[in-house]
Amino acid sequence: MPAATLARSVLLEARRGGLPWLAAASLAIACAAAAFLSQVALTEAATLQLSVLAALLRACAVFLIAAQVTSATLREIHDKGLELMLSLPLSRTTHYLGRLAGFAACGAAVAALFGAALLFWAPPLQAILWAVSLAFETALVAAAALFFAMTLSSLVAAIAATAGLYLLARTMPAIQAIAATPLGEETWAGKLARHAVDAIAFLLPRVDAATRTDWLVYDAPAASSYLAALGGLALYAALLTAAGLIDFHRRNV
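Just so it is clear, the structure is predicted and the values come from calculations on it, not from any experiment.

**Student:** Before we go on, may I ask you to explain the packing of aromatic side chains in this structure?
**Tutor:** Throughout the structure, instances matching the rule amount to four aromatic pairs. On the numbers, 5.3 Å between centres and 65 degrees between planes, the contact of phenylalanine 147 with phenylalanine 148 is edge-to-face. Given the relative accessible area of 17%, phenylalanine 148 is considered buried. Geometry around phenylalanine 248 places arginine 92 over its ring, the cationic atom sitting 5.3 Å from the centre.

**Student:** Would you explain a nonpolar patch on the surface in this entry?
**Tutor:** A cluster of nonpolar residues, Phe36, Leu37 and Leu48, forms a patch on the protein surface that exposes about 260 Å² of accessible area. Accessibility expressed as a relative area gives 31% for leucine 48, which makes it partly exposed.

**Student:** What should I look at first to understand the packing of helix 7 (residues 155-180) against helix 8 (residues 188-203) in this one?
**Tutor:** The relative placement of two packed helices comes down to the angle between their axes together with the axis-to-axis distance. In the contact formed by helix 7 and helix 8, the axes pass within 10 Å of each other and the chain directions differ by 155 degrees. In this view, helix 7 runs roughly antiparallel relative to helix 8, as classed from their interaxial angle. Read as a crossing pair, helix 7 and helix 8 show a hand that is left-handed. Only Arg194, Val197, Asp198, Ile200 and Ala201 of helix 8 make contact with helix 7, whose side of the interface consists of Leu168, Met172, Ile175, Gln176, Ala179 and Ala180. Per-class residue counts for the contact of helix 7 with helix 8 are eight nonpolar, one polar and two charged.

**Student:** Whenever I open this one, the nonpolar core confuses me. Can you help?
**Tutor:** Ranked by internal contacts, the top residues of the largest apolar core, which has 63 residues, are Leu57, Phe114, Leu118, Trp130 and Leu216. Those elements that provide at least two residues to this core are helix 1 (2-16), helix 2 (19-40), helix 3 (45-78), helix 5 (92-118), helix 6 (124-151), helix 7, helix 8 and helix 10 (223-250). Those residues within four positions of tryptophan 130 in sequence are excluded, and the remaining contacts are Ala54, Leu57, Arg58, Phe114, Gly115, Leu118, Thr211, Arg212, Trp215 and Leu216.

**Student:** Quick question: what am I supposed to make of helix 6 here?
**Tutor:** Count 3.6 residues to each turn of an α-helix, and residues three or four apart come out pointing the same way. Between the first and last C-alpha of helix 6 there are 41 Å, a value that for 28 residues agrees with the 40 Å anticipated at 1.5 Å per step. Most of helix 6 sits inside the fold, with 20 of its 28 residues counted as buried.

**Student:** What is the right way to look at helix 1 in this model?
**Tutor:** The terminal C-alpha atoms of helix 1, which comprises 15 residues, lie 21 Å apart, in line with the 21 Å expected from a rise of 1.5 Å per residue. Taken as a whole, helix 1 has its buried residues at Leu6, Ala7, Val10 and Ala14. One face of helix 1 carries all of its buried residues, which in axial projection span an arc of 100 degrees. Seen from the buried face of helix 1, the exposed residues on the opposite side, beyond 90 degrees, are Thr5, Arg8, Arg15 and Arg16.

**Student:** Sorry, what's going on with unusual backbone geometry here?
**Tutor:** Even without a glycine there, the phi angle at threonine 211 is positive, about 50 degrees. Examined against the element boundaries, threonine 211 turns out to sit in the loop between helix 8 and helix 9 (214-217).

**Student:** I'm lost on the pattern of salt bridges in this one. Help?
**Tutor:** Two side chains bearing opposite charge may form a pair once their charged atoms approach each other closely. Under the defined criterion, the tally for this structure stands at five salt bridges. Across the pair glutamate 76 and arginine 99 runs a salt bridge whose closest N-O atoms are separated by 3.0 Å. Of the two residues, glutamate 76 is situated in helix 3 and arginine 99 in helix 5; the sequence distance between them amounts to 23 residues. As a salt-bridge pair, arginine 206 and aspartate 208 come within 2.8 Å of each other at their nearest N and O atoms.

Rules used throughout
Residues numbered from 1 in each chain as written. Predicted model: local features only at pLDDT ≥ 70, side-chain atom pairs only at ≥ 80, totals over all residues. Heavy atoms only, no water. Phe/Tyr/Trp six-rings, centres within 6.5 Å; stacked < 30°, edge-to-face > 60°. Buried < 20%, exposed > 50% of the residue type's maximum accessible area, 1.4 Å probe, protein only. Lys NZ or Arg CZ within 6 Å of the ring centre and 35° of its normal. Patch = residues over 30% accessible without salt bridge, like charges linked within 9 Å, V, L, I, M, F, W, Y side chains within 5 Å. Areas by Shrake-Rupley, 256 points an atom, 1.4 Å probe, with all protein chains shown as cover. Salt bridge = Lys/Arg side-chain N within 4 Å of Asp/Glu carboxyl O. Axes fitted to C-alpha atoms, helices over the stretch in contact; angles between N-to-C directions. Helix = DSSP H or I, 4+ residues; strand = E, 2+ residues; numbered from the N terminus. Parallel < 35°, antiparallel > 145°, perpendicular 65-115°, else oblique. Left-handed = near helix turned anticlockwise from the far one by under 90°. Contact = heavy atoms within 4.5 Å. Nonpolar A, V, L, I, M, F, W, Y, C, P; charged D, E, K, R; others polar. Core = buried A, V, L, I, M, F, W, Y, C linked by side-chain atoms within 4.5 Å. Expected span 1.5 Å × (residues − 1). Arc of directions from axis to C-beta.

Encoded structure:
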C-alpha cells in the first residue's frame, strides 16, 4: 500500500536521523537524574525515583516526537521533496496519512522503549498501560506537530506552537482550579475570566488524564477512565488530522 510505504520511509528517515540514539540518551539522562534524586531523598526514595523517571521520560518522548516531525516535514518542504512526492500518482490524503502513520509509529517505538525501562521499577501491567497511553499521547503530538509544520514556515514556530498546545493542555486543570478559587469576593470580571478559562479547556485535549505517574506508583487505572483518556486523545488527534488534511488540500505546494 502507498501509505504503508510512506510510513516506512518516515521510519527509515527517523532511524538515519538518529532518533533511536536520542531516545537512548534521553533514557540514560532520565535514569541518572532519577537515581541522583533518590540518593538525596530521606524517605520514599524508590517512589521518588519512579515518579521523576516517569515524568522525565514522558517529557522527553513528547519533545523528541515534536522535534522529529517538525524538522523532517519542514526539511522536505524546503528541499522541494514534497513537490517531488506530490508529482507521483498519489493523493494528498494518502501522502499526509502515510507520513502521519510513520510519525505515530516512531512515537509508539519510543513509548515501548521507555515503558520497557520502567519494568525495572513498576509492575508489568502498570508499565504496559503507561506505555500504551504514552503511545497515544505521542500520536496526538505527532498530529499537532505535522499540522503546525505544514501551516507554519519556521521550525522554531512549529515546535513552539506544538509545545504551547501540549503544555497548555497539560496545565489547564491547574489553571481552572486557580480560576475557580478567587482570593477575595468574586467580581463580574472574575466570573468572565473563569468562564473563558473553561471555554479554552473545553477546546483542549485532556492530556492530564493520560500517562499519569500515579498509575505506576500506586494502582493501575480503572478501565473506564483509562479508555476514556485514550479515546479523548484519539479523538483530538483525528480532529487535528482532519484540519491538517483540509489545509494540505487547499495549499499550493
